[in-house]
Amino acid sequence: MNWETRVTKLLGIQYPIIQGGLAYLAYADLAAAVSNAGGLGQITAMSLPSPQALREEIQKVRSMTAKPFGVNYAIGQHGRPFEHMLEIAIEENVPVVTMTGGNPTPIIKRLEGTSIKKLVLVAARRQAEKAEELGADAVMVVGQEGGGHLGRADIGTIVLVPQVVDAVSIPVIASGGIGDGRGLMAALSLGAEGIEMGTRFIATQECVHAHSLYKEALVKGTESDTVVIKRSLGAPARVIRNGWTGQILQLEQEGKGYEDLKEYISGSANRRYIYEGNEAEGFAWAGQVMGRIKDIPTVQELTSRMIQEAEDIRMRWSK
Ligand SMILES: Cc1cc2nc3c(=O)[nH]c(=O)nc-3n(C[C@H](O)[C@H](O)[C@H](O)COP(=O)(O)O)c2cc1C
């Protein structure tokens, strides 16, 4: 079956499936596996300690796949400067750069005139329009079901995606809550020309940095086992519900500010759970789709299964 969309053509990939930037988890093994399976894998620049480490990781991806891949830049308010890290992606002439979490203007402007494709992850129609005005090649739009950072307006993927599709003329990639071939077909039905998945790719063999307890929590958990933290800080983000995130929500309810919360929501607290499996003293991002995850396949198995499911749906529809 022909899977060509404007997204597959833009990115030079076989299937319209993109692996989301995954802070502290998206390194060469996962990125190369996704690209080798026909999608677009990504590494996450700001999880790496230095520009040199990023250069080595890009080279590692290239040693593992000849296919296109992306480098993701999450540029949060409290984030560290990204300019040196961006120069590495340009010097290495990576195929794709994706960005989120802040004003994309400096990244898009710096990439103008290069062959690097520019994708912006947004969570609202206005942000998508702005990304198009700035010169983004495509937008990814994440609904409220998604794992990690979300929009402030609580709009679900099924409402947000067609709204954005109608508002911009660049291709739209649906994100948030997708984990199987049904989700892929649903996204295409909404007018998206590709999907991005985060949570589902964590529960794979090649997401080698995720501790087995994190993957098991994704398999065992239901769709009700996530909560949104950091809403009071204006940066809502979806995590696995546990005692630690209960404490965060309690502090937020008590009206505590960033200074009181920062230890709880820090990168160290995140890494304690996702690298060490220390669930009692940390947190892990995940989307509601964890309720639909039942196994920990290889990326190739997951992709083939999704494509088969989607093709079965197309066959049924065509009858
Ligand atoms: C553990 C985790 C870390 C994430 N880190 C990033 C990141 O660094 N950069 C980014 O663009 N998106 C990040 N995201 C968001 C994903 O790229 C994607 O938009 C989201 O996971 C989609 O929702 P899903 O989890 O339902 O698939 C993260 C998501 C998760 C679950």
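Residues numbered from 1 in each chain as written. Predicted model: local features only at pLDDT ≥ 70, side-chain atom pairs only at ≥ 80, totals over all residues. Heavy atoms only, no water.

Chemist: Help me understand the overall build of the chain in this model?
Modeler: For the chain, the helix and strand inventory stands at 14 helices and 11 strands. The globule rule puts the C-alpha radius of gyration for 319 residues at 20 Å, and the 18 Å found for the chain is close to it. With the C-alpha coordinates of the chain rotated into their principal frame, the extents come out at 50 × 45 × 40 Å. Here the chain holds 319 residues, and 54% of them are scored as buried. Charged side chains of the chain number 33 positive and 36 negative; the gap between the two group centres comes to 2 Å. (Helix = DSSP H or I, 4+ residues; strand = E, 2+ residues; numbered from the N terminus. Rg over C-alpha atoms; globule rule 2.2 N^0.38 Å. Buried < 20%, exposed > 50% of the residue type's maximum accessible area, 1.4 Å probe, protein only. Lys, Arg positive; Asp, Glu negative; His and termini not counted. Charge placed at Lys NZ, Arg CZ, Asp CG, Glu CD.)

Chemist: Any chance you could explain the domain arrangement of the chain here in plain terms?
Modeler: How big an interface is tends to be stated in terms of the accessible area lost upon association of its parts. Taken as a whole, the chain is organised into domain 1 (6-209) and domain 2 (213-289). Placing the centre of domain 1 and that of domain 2 at their C-alpha centroids yields a distance of 23 Å. Counting from both sides, the interface comprises 25 residues of domain 1 and, opposite them, 22 residues of domain 2. Around 1900 Å² of area is buried between domain 1 and domain 2 when both sides are counted, 57% of it from carbon and sulfur atoms. A per-residue breakdown of the area domain 1 buries against domain 2 is headed by Tyr24, His149 and Thr199, which together make up 28% of the total. One can count 1 salt bridge joining domain 1 with domain 2. Where Arg231 meets Asp154, a salt bridge forms, and the shortest distance between an N and an O atom there is 2.9 Å. Inspection of the domain 1/domain 2 interface yields 14 residue pairs in polar contact (both at pLDDT 80 or more). Only strand 7 (148-149) and helix 9 (199-202) provide two or more residues apiece to the side of domain 1 that touches domain 2. (Domains from an automatic or database assignment. Contact = heavy atoms within 4.5 Å. Buried area = accessible area lost by both parts, 1.4 Å probe. Salt bridge = Lys/Arg side-chain N within 4 Å of Asp/Glu carboxyl O. Polar contact = N/O pair within 3.5 Å; in protein donor to acceptor, adjacent residues only side chain to side chain.)

Chemist: For this particular structure, what's the right way to read the side chain of Asn72?
Modeler: Here Asn72 is to be found in strand 3 (residues 69-74). Of the residues examined, Asn72 reaches a relative accessible area of 7% and is grouped as buried. At 2.8 Å, the side chain of Asn72 and the side chain of Thr98 are in polar contact. Excluding its chain neighbours within four sequence positions, the residues that come into contact with Asn72 are Gly21, Gln42, Ile43, Thr44, Ala45, Met46, Thr98 and Met99.

Chemist: Help me understand the nonpolar core in this model?
Modeler: Inside soluble globular proteins, nonpolar side chains tend to come together where they are buried. Core analysis: the biggest nonpolar cluster contains 82 residues, and Leu54, Val71, Tyr73, Val97, Ile107, Tyr214 and Ile240 have the highest contact counts within it. Taken domain by domain, the makeup of this core includes at least three residues from each of domain 1 (6-209) and domain 2 (213-289). Ala237, Trp244, Leu251 and Ala269 belong to the second largest nonpolar core, which has 12 residues in total. (Core = buried A, V, L, I, M, F, W, Y, C linked by side-chain atoms within 4.5 Å.)

Chemist: Would you explain the pairing of strand 10 (residues 226-229) in this entry?
Modeler: Successive residues of a regular strand alternate their side chains across the two faces of the sheet. The alternating pattern of strand 10 places Thr226 and Val228 and Val227 and Ile229 on opposite faces, both of which are buried. Direction of pairing for strand 10 relative to strand 11 (residues 237-240): antiparallel, over a ladder of 4 bridges. The residue bridging Ile229 from the neighbouring strand is Ala237, located in strand 11. (Pairing = 2+ DSSP bridges.)

Chemist: Honestly, the site of the ligand in this entry has me stumped. Any pointers?
Modeler: Neighbouring the ligand are 23 residues; Gly21, Asn72, Gly177, Glu196 and Thr199 lie closest to it. Gly147 places a main-chain nitrogen or oxygen 3.2 Å from an oxygen atom of the ligand. Between the ligand and the protein, one listed contact pairs an oxygen atom with a backbone N or O atom of Gly177 at 2.8 Å. Within the complex, 95% of the 600 Å² of free accessible area of the ligand lies under protein. Where the shell around the ligand is concerned, the elements lending two or more residues are strand 3, strand 9 (194-197) and helix 9. Its residues assigned to classes, the shell around the ligand comprises 10 nonpolar, 12 polar and 1 charged. Both domains that furnish three or more residues to the shell around the ligand are identified here as domain 1 (6-209) and domain 2 (213-289). (Near = heavy atom within 4 Å. Areas by Shrake-Rupley, 256 points an atom, 1.4 Å probe, with all protein chains shown as cover. Nonpolar A, V, L, I, M, F, W, Y, C, P; charged D, E, K, R; others polar.)

Chemist: Looking at this model, I keep getting lost on the pattern of salt bridges. Mind explaining?
Modeler: For side chains bearing opposite charge, pairing can occur when the charged atoms are close. Applying the stated criterion across every chain yields a total of 19 salt bridges. For Glu216, the salt bridge is made with Lys220, and the minimal N-O distance between the two is 4.0 Å. With Glu216 and Lys220 both in helix 10 (residues 212-220) and 4 residues apart, the pair spans about one turn of that helix. Among the residues examined, Glu216 registers a relative accessible area of 34% and is labelled partly exposed. The class of Lys220 is exposed, set by a relative accessible area of 66%. One connected set of salt bridges, linked through shared partners, spans Arg55, Arg62, Glu91 and Glu92.

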